[in-house]
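Next come the chains, spelled out residue by residue.
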Amino acid sequence: MKRSLGEPLYLAISYEIYTAFFLIPVIQEIIAEHKLKLLIFESSKEEIILWKE
């Protein structure tokens, strides 16, 4: 599927998953290499903690 809207796409993940998995150095390298944009949220409070580009 091809996006043509020109709007950035963010991967939404919970804070718990972010701290348990996405802070591993090799995962950080992959995120940087592929220029992934992350939206980290706190599920219990239903609020966004961090937009990471």
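Our subject is the structure that appears above.
Given the structure is predicted, the values throughout are model-derived calculations rather than measurements.

Thresholds applied
Residues numbered from 1 in each chain as written. Predicted model: local features only at pLDDT ≥ 70, side-chain atom pairs only at ≥ 80, totals over all residues. Heavy atoms only, no water. Helix = DSSP H or I, 4+ residues; strand = E, 2+ residues; numbered from the N terminus. Buried < 20%, exposed > 50% of the residue type's maximum accessible area, 1.4 Å probe, protein only. Lys, Arg positive; Asp, Glu negative; His and termini not counted. Salt bridge = Lys/Arg side-chain N within 4 Å of Asp/Glu carboxyl O. Contact = heavy atoms within 4.5 Å. Pairing = 2+ DSSP bridges. Axes fitted to C-alpha atoms, helices over the stretch in contact; angles between N-to-C directions.

Take the side chain of glutamate 42 next. Within the secondary structure, glutamate 42 is located in strand S2 (residues 38–42). For the buried glutamate 42, which has no salt bridge, the nearest side chain bearing the opposite charge is lysine 45, at an N-O separation of 5.9 Å. Excluding residues within four positions of it along the chain, glutamate 42 makes contact with Tyr15, Glu16, Glu47 and Ile49.

As a further point, take the sheet that holds strand S3 (residues 47–52). One open sheet accounts for three strands, arranged S1-S2-S3; its pairing is mixed. Lying at the two open borders of the sheet, with one neighbouring strand each, are strand S1 (11–14) and S3. When the angles between neighbouring strand axes are averaged without regard to direction, this sheet yields 25°. Examined bridge by bridge, S2 and S3 share five bridges and lie antiparallel to one another. Paired with phenylalanine 41 across the strands is isoleucine 48, a residue of S3. Packing of helix H1 (residues 15–22) onto the sheet brings it into contact with S1, S2 and S3, and relative to S1 it is tilted by some 95°.

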